[in-house]
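Each chain is listed here by its residues.
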Amino acid sequence: DEPYDMTFAFDHAFNEDSTQDEVFKAMGWTALKNAFSGYNVSIFAYGQTGSGKSHSMIGTESDPGLIRRIGEFLFDFIERGSEELGYQYSTTVSAAEIYCENVRDLLVFMGPNGGPGGGSA
């Protein structure tokens, strides 16, 4: 087995003065355009602890991050396309955290003991 060359593109780096809107325009909008063109897309936030990855992805109630901005735009687009053009869409979303070589599904509610939560209160 011969090794093969893999190339990964570096898209952008943001500093502490970057706004959520700038991050969305640079990363979110590009991801959406590619998704609308039929491509699978991923957004990967990488950096040291405290560098703003979670803030960029989640944001705040008054200044939402990429996840909410992309979701709102995506589902608004789907709603308009369904109503105006009769299109049907299928979407799949996943969110994962990789920390200390452990992968955690961020869409699974974790109970107080660290396992899957849920059930009645």
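Look above for the structure.
Notes on the structure follow. No experiment lies behind these values; they were computed from the predicted model shown.

Points about the pairing of strand β1 (residues 96-99)
Here's step 1: As judged from the 4 bridges shared by β1 and strand β2 (residues 102-105), these two strands associate in the antiparallel manner. When the sheet's bridge partners are listed, A96 is paired in β2 with D105.
Here's step 2: Where β1 hands over to β2, the hairpin turn is made up of 2 residues, of which C100 adopts a positive phi near 50 degrees.

With respect to the layout of surface pockets
Here's step 1: Computed from the structure, the largest pocket encloses a volume of approximately 1600 Å³.
Here's step 2: Around the largest pocket, the lining is made up of 40 residues, and of these I43, M57, S94, A95 and A96 lie nearest the centre.
Here's step 3: Sorting the residues of the lining of the largest pocket by element identifies α1 (20-36), α2 (53-58), α3 (66-85) and β1 as the ones contributing at least two each.
Here's step 4: Looking at which element gives the most residues to the lining of the largest pocket, the answer is α3, with 7 residues.
Here's step 5: Tallied by class, the residues present in the lining of the largest pocket amount to 26 nonpolar, 11 polar and 3 charged.
Here's step 6: Of the volumes computed, that of the second largest pocket is approximately 850 Å³.
Here's step 7: Taken together, 33 residues line the second largest pocket, and the ones lying closest to its centre are H12, F14, M27, F44 and A45.
Here's step 8: Sorting the residues of the lining of the second largest pocket by element identifies α1 and α2 as the ones contributing at least two each.
Here's step 9: Per-element tally for the lining of the second largest pocket: the top contributor is α1, with 7 residues.
Here's step 10: Residue composition of the lining of the second largest pocket, by class: 16 nonpolar, 13 polar and 4 charged.

Definitions and cut-offs
- Residues numbered from 1 in each chain as written.
- Predicted model: local features only at pLDDT ≥ 70, side-chain atom pairs only at ≥ 80, totals over all residues.
- Heavy atoms only, no water.
- Pairing = 2+ DSSP bridges.
- Helix = DSSP H or I, 4+ residues; strand = E, 2+ residues; numbered from the N terminus.
- 1 Å grid on protein atoms, 1.4 Å probe; cavity = no way out; pocket = protein on both sides within 12 Å on 5 of 7 lines; lining within 4 Å.
- Points joined across faces, edges and corners; volume = space filled by probe spheres on them.
- Nonpolar A, V, L, I, M, F, W, Y, C, P; charged D, E, K, R; others polar.

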